[in-house]
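Each chain is listed here by its residues.
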Amino acid sequence: MESEICNASQRSAGVDAFTAEVIRSSVVAITDEMKTNLMRTAYNMIIYEAEDFTVGLFDADGNTISIGLGLPMFIRGLSDAIKAKLAHWGKENIHPGDILLTNDPQVMGSHLNHMIFSLPIFHDGALIAFSSSMGHWQDVGGVLGAVTRDIFSEGLQMPFVKIFKAGKQDMELTEIIRSNCRLPHFAMGDFRAQIAAIRTGERRLTRLIERYGAATFKQSIELIFDQSEKLARAAVEKIPDGVYVAESFMDDDGVNIGKHIPIKIRVEVKADEMTVDLSGVSPQVAGPYNSGATAGRSASEVAFKFLTTPLLLPINEGSFRPLKINLPPGRVVSATKPAPVRTWMTVPMTVADTIFKALAQACPDNVLAGHHADLAAPRTFGLDPKSGRSFHFPPMLSGGGWGALSDTDGQNATFCINDGDTHNTPVEAGEGRAPIFVSYRKLRQDSGGPGKFRGGLGVAQEVRLLSAGSVLSAMERALCPPWGLYGGQEALANRFTVVRKDGAVEPMKTGKTPGVIALQEGDGFLIEVGGGGGFWNAMERNPARVLADVRSGYVSVAAARADYGVAIRQSGRKFELDVAATAELRGSRRREEI
């Protein structure tokens, strides 16, 4: 990949390929350091364990130079936020030492928990770049334990403000923020961590510019943009021209129970350009599953990056020049105020999944089958009797199954496409932060969609409360299971169940609870995360691989027979392939198909 970059044509005169390559590698290293610093200094687990944040460097117009992604769906949020801040203040009103803050969902696409700090970087008195970070704060006020119906019930809204002015922190604004957070200690810790991260970016980029000069830096960045564009266009040209459509749906919006939210995607490929049309996606909804337009664009860019230049770094503006997006306002992924957005992350990842589904018709070797597509993280609240403090949303994240590719099984216990680098929360870490006990966490047998290449397995996790509390689940895709491709079968969908101390179980009709459910000491809940869809006909899977899956506990003996036509003899803990019975089973299935 690097040799392709170095050999790419140079439109930017005056900079050699070696210098441009050094600068390219440097901006990637800077954003990696920013990311590491934020993780090491943040106070809440959602940042340092789950990596629900991103950092980045941007040019003076807000175009992305390099981003250190925690969550892939943040691929556009920082750039759009900086461009909006520039439009609000104008370059002439942004000064050295200013730090610009907002959490406006219409600006960055997601919910109010995401605070975006942007620091302008100057060289010889001229604005040359921005260093920015977005981090998920554990609490920003708003109602707990309710399905929100507007943005005003979801917490503190920060318009465009300068939290630092000419290097001096605005303590009055800071106190307003602190006073609106239930966990001010965590909030202010994350505040400082984000400031530290963007100051790291400022220092490192300033040194880089001082070493090579502003002109060389700008020319190198433009060359990087051009090289990234060239590679992306070359990848698009390999996709056959045509119009490709697909659809899926979300279960409901949490308010209009049972009313599906349609997701209809149209993708047009023409020469070296791709147009993603999201005008067929559902209008914005009454419940909190909306997101700002940046989220719709981000979903398209995540899919595009996956299809074209997935390993090319840095992630930058040039990579997306061949992509056009049609997204009218007022859709569920381009919602307008005062739409609620608390559960913003759910719909965009199904949009990305459906883009892959559409393009499976054109380039099956480049896409994956459907995946579980939900964070599967219910909100839990209560009072910790040991500390006397409230606990809120201890993030016991486990991951789920990814769809198979045309030549590879899907990944097990891996986070949804929205959440990218998010880690599985260590059980001990979660139990240490709240009065909870994890009874078990295990792979969910038979959850991967059968296919020649099997979908990845989801995870089953039971959590019990050690003191009274409550739970609210907003989990999606319980009714729209992850689909298979080219004869591959669908996976098991997501599922949520309340479990009582006496052994009673209360399965939810969808992954959502009907409001807050009270839990007594010893009560809890079972989260069953879906798997990934299969690829190609399951009868084509090598019986030896099916036997290996059975021995690993991924596939049951019954499912091996029913889904794969593979007969396996079991004696205690020993499993052996019955070759003759398998041949007969598969022969019978083929005759039935004829």
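What counts and what doesn't
- Residues numbered from 1 in each chain as written.
- Predicted model: local features only at pLDDT ≥ 70, side-chain atom pairs only at ≥ 80, totals over all residues.
- Heavy atoms only, no water.
- Pairing = 2+ DSSP bridges.
- Helix = DSSP H or I, 4+ residues; strand = E, 2+ residues; numbered from the N terminus.
- Contact = heavy atoms within 4.5 Å.
- Axes fitted to C-alpha atoms, helices over the stretch in contact; angles between N-to-C directions.
- Buried < 20%, exposed > 50% of the residue type's maximum accessible area, 1.4 Å probe, protein only.
- Phe/Tyr/Trp six-rings, centres within 6.5 Å; stacked < 30°, edge-to-face > 60°.
- Lys NZ or Arg CZ within 6 Å of the ring centre and 35° of its normal.

Asks: Let's hear about the sheet that holds strand S7 (residues 168-169): which residues, and what values?
Replies: For sheets, the rule is that strands pair by backbone hydrogen bonds, running either parallel or antiparallel. On the basis of which strands lie adjacent, the open sheet formed by seven strands has the order S2-S1-S5-S4-S3-S6-S7 and antiparallel pairing. Only two strands of the sheet have a single neighbouring strand rather than two, namely strand S2 (64-69) and S7. Pairing analysis gives seven bridges linking strand S1 (residues 53-59) to strand S5 (residues 126-136), with the strands arranged antiparallel. Following the sheet pairing, Phe53 is matched in S5 by Gly135. Helix-sheet contacts for helix H7 (residues 184-212) involve S1, strand S3 (99-102), strand S4 (114-123), S5, strand S6 (161-165) and S7, and the interaxial angle to S4 is about 25°.

Asks: So what's going on with the side chain of Asp80? Which residues, and what values?
Replies: Inspection of the secondary structure puts Asp80 in helix H4 (residues 77-89). Since its relative accessible area comes to 10%, Asp80 is described here as buried. The residues contacting Asp80, other than those within four sequence positions of it, are Val107, Thr294 and Arg297.

Asks: Lay out the pairing of S4 with the relevant residues and their values.
Replies: If a strand is regular, its side chains alternate between the two faces of the sheet. In terms of residue burial, S4 counts as a mostly covered element, since nine of its 10 residues are buried. Where S3 and S4 come together, three bridges link them in antiparallel fashion. Directly across from Thr102, in S4, lies its bridge partner Ile116. Across 10 bridges, the pairing between S4 and S5 is antiparallel. Directly across from His123, in S5, lies its bridge partner Ala126. Hairpin connection from S4 to S5: two residues lie between these consecutive antiparallel strands, with Asp124 at a positive phi of about 55°.

Asks: Tell me about the packing of aromatic side chains, and name the residues and values.
Replies: One pass over the full model with this rule turns up nine aromatic pairs. Arranged with centres 6.0 Å apart and planes meeting at 70°, the rings of Trp89 and Phe160 form a pair that is edge-to-face. Taken together, the residues Trp89 in helix H4 and Phe160 in the loop between S5 and S6 connect sequence positions 71 residues apart. Using a relative accessible area of 14% as the deciding quantity, one classes Trp89 as buried. The class for Phe160 is partly exposed, based on a relative accessible area of 21%. Arranged with centres 6.4 Å apart and planes meeting at 50°, the rings of Phe304 and Phe320 form a pair that is tilted. Here the residue Phe304 occupies a position in helix H9 (residues 293-308), and Phe320 occupies one in the loop between H9 and strand S11 (323-326), the gap between them amounting to 16 residues. When its relative accessible area of 10% is taken as the criterion, Phe320 is described as buried. Joined through ring pairs, the aromatic side chains of Tyr486, Phe535 and Trp536 make up one cluster. Between the NZ or CZ atom of Lys442 and the centre of the ring of Tyr440, over which it lies, the distance is 4.9 Å.

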